[in-house]
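# Structural description and commentary
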Amino acid sequence: MRDAKLREIDERAFLRRLDPMLDVYAAAMEPPNEQLPGRHTIMERHASYAGFRAFVVERRSALPVLPGPVQGFAYGFHGTRGQWWHDVVFQALSDREGPEHAEAWLDDTFEVAELHVRPEFQGRGLGRSLLSALCEGRPERTVVLSTLDRRPDTPARSLYRSVGMTDLLTDFEFPGGGPRYAVMGGALPLPPYEAASSRP
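Summary of the structure given here. (Residues numbered from 1 in each chain as written. Predicted model: local features only at pLDDT ≥ 70, side-chain atom pairs only at ≥ 80, totals over all residues. Heavy atoms only, no water.)

This brings us to the overall build of the protein chain. A tally of helices and strands in the protein chain yields seven helices and seven strands. Counting helices and strands in the order they occur from the N terminus, the protein chain gives β-α-α-α-β-β-α-α-β-α-β-α-β-β. With the principal axes as the frame, the protein chain shows a C-alpha extent of 55 × 45 × 30 Å. Looking at the protein chain residue by residue over its 200 residues, the buried ones come to 46%. With the model as given, the accessible surface of the protein chain reaches about 10,600 Å², and the carbon-plus-sulfur share is 50%. Here the protein chain holds 24 positive side-chain charges and 28 negative ones, and the gap between their average locations is 8 Å. (Helix = DSSP H or I, 4+ residues; strand = E, 2+ residues; numbered from the N terminus. Buried < 20%, exposed > 50% of the residue type's maximum accessible area, 1.4 Å probe, protein only. Areas by Shrake-Rupley, 256 points an atom, 1.4 Å probe, with all protein chains shown as cover. Lys, Arg positive; Asp, Glu negative; His and termini not counted. Charge placed at Lys NZ, Arg CZ, Asp CG, Glu CD.)

Have a look at this one:
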């Protein structure tokens, strides 16, 4: 990360960077172009949620006062009833394992809403740095997120497992259709990252 800087940004700085962050999202997720305006609106709304926190990785700028191009970003907030993702996942967990199971994971949780790194910068530890910074010092008891369920050994799934997160739902389709997701969760604080090569 010698040519990049990880920084925490507040709600106003987050909103100013929405367009370049959306470019990172599009490069990483490859959604249909018609979905991007809706994603922009969702991210804008998320910035107003309680407990909002965001980080970006930006290339160092020649002008220190100007942010460099965004290479990656992550943000989250306190998950609570009345939020669309929270309610959908709570219902799915309740249906499969009972309401007590759902409450154990979601009654005091930090929801990682988005974590993306441009494909050309992946494999450099940026995602791990973003996740660690985002979750550090959070007051919630658990952390939850959803990630594409293309296969169980994607770099994202491997990263989340390396910090103790487990699958709560797999092959899960959110209302409205679209790709299948895995919903993963872990206890906070996250344990230190453990490289796959060092695990028994």
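For strand β2 (residues 53–59), the buried fraction is high: six of the seven residues fall into the buried class. Sheet topology places strand β1 (residues 4–9) next to β2; six bridges connect them, and they run antiparallel. Opposite Leu6, over in β2, you have Val57 as the bridge partner. Alignment of β2 against strand β3 (residues 70–79), held across six bridges, turns out to be antiparallel. Paired with Glu58 across the bridge in β3 is Val70. (Pairing = 2+ DSSP bridges.)

Within the fold, His46 resides in helix α3 (residues 36–46). Not counting the four nearest positions on each side in its chain, His46 is found in contact with Phe52, Tyr75, Phe77 and Ala113. (Contact = heavy atoms within 4.5 Å.)

Summarising burial for β3: nine of the 10 residues are buried, a large majority. Two elements, β3 and strand β4 (residues 109–117), share eight bridges in a ladder whose sense is antiparallel. Note that in β4 the partner of Phe73 across the bridge is His116.

Now for the sheet that holds strand β5 (residues 142–148). Pairing in this open sheet of seven strands is mixed, and the strands run β1-β2-β3-β4-β5-β7-β6 from one edge to the other. The sheet terminates laterally at β1 and β6 (166–172), the two strands that pair on one side only. Averaged over all neighbouring strand pairs, the angle between strand axes comes to 20°, with direction disregarded. Across four bridges, the pairing between β6 and strand β7 (residues 181–187) is antiparallel. The residue bridging Leu169 from the neighbouring strand is Val183, located in β7. Relative to β5, helix α5 (residues 99–106) is tilted by about 100°, and along the sheet it contacts β3, β4, β5, β6 and β7. (Axes fitted to C-alpha atoms, helices over the stretch in contact; angles between N-to-C directions.)

Attention now moves to the nonpolar core. In this structure, Phe14 and Tyr75 are the most contacted members of the largest nonpolar core, which totals 37 residues. Aside from chain neighbours lying at most four places away, what touches Phe14 is Ile9, Met21, Met43, Ala47, Phe52, Ala54 and Tyr75. The next biggest cluster of nonpolar side chains, apart from the first, holds 24 residues, and it includes Phe55, Leu115, Leu126 and Val143. (Core = buried A, V, L, I, M, F, W, Y, C linked by side-chain atoms within 4.5 Å.)

Structurally, the position occupied by Pro175 is in the loop between β6 and β7. Look at Pro175 and you get exposed, because its relative accessible area is 51%. Sequence separation between Pro175 and Gly123 is 52 residues; the distance between their C-alpha atoms is 32 Å. If we ignore the near neighbours within four places in the chain, the residues touching Pro175 are Trp84 and Val88.

With respect to the secondary-structure elements, Thr109 resides in strand β4. Relative accessible area serves as the criterion here: at 0%, Thr109 is assigned to the buried category. Among the polar contacts listed, one links the side chain of Thr109 to the side chain of Thr142, at a separation of 3.0 Å. In this view, Thr109 contacts Phe77, His78, Gly79, His86, Glu140, Thr142, Val143 and Val144; residues no more than four positions away in its chain are not counted. (Polar contact = N/O pair within 3.5 Å; in protein donor to acceptor, adjacent residues only side chain to side chain.)

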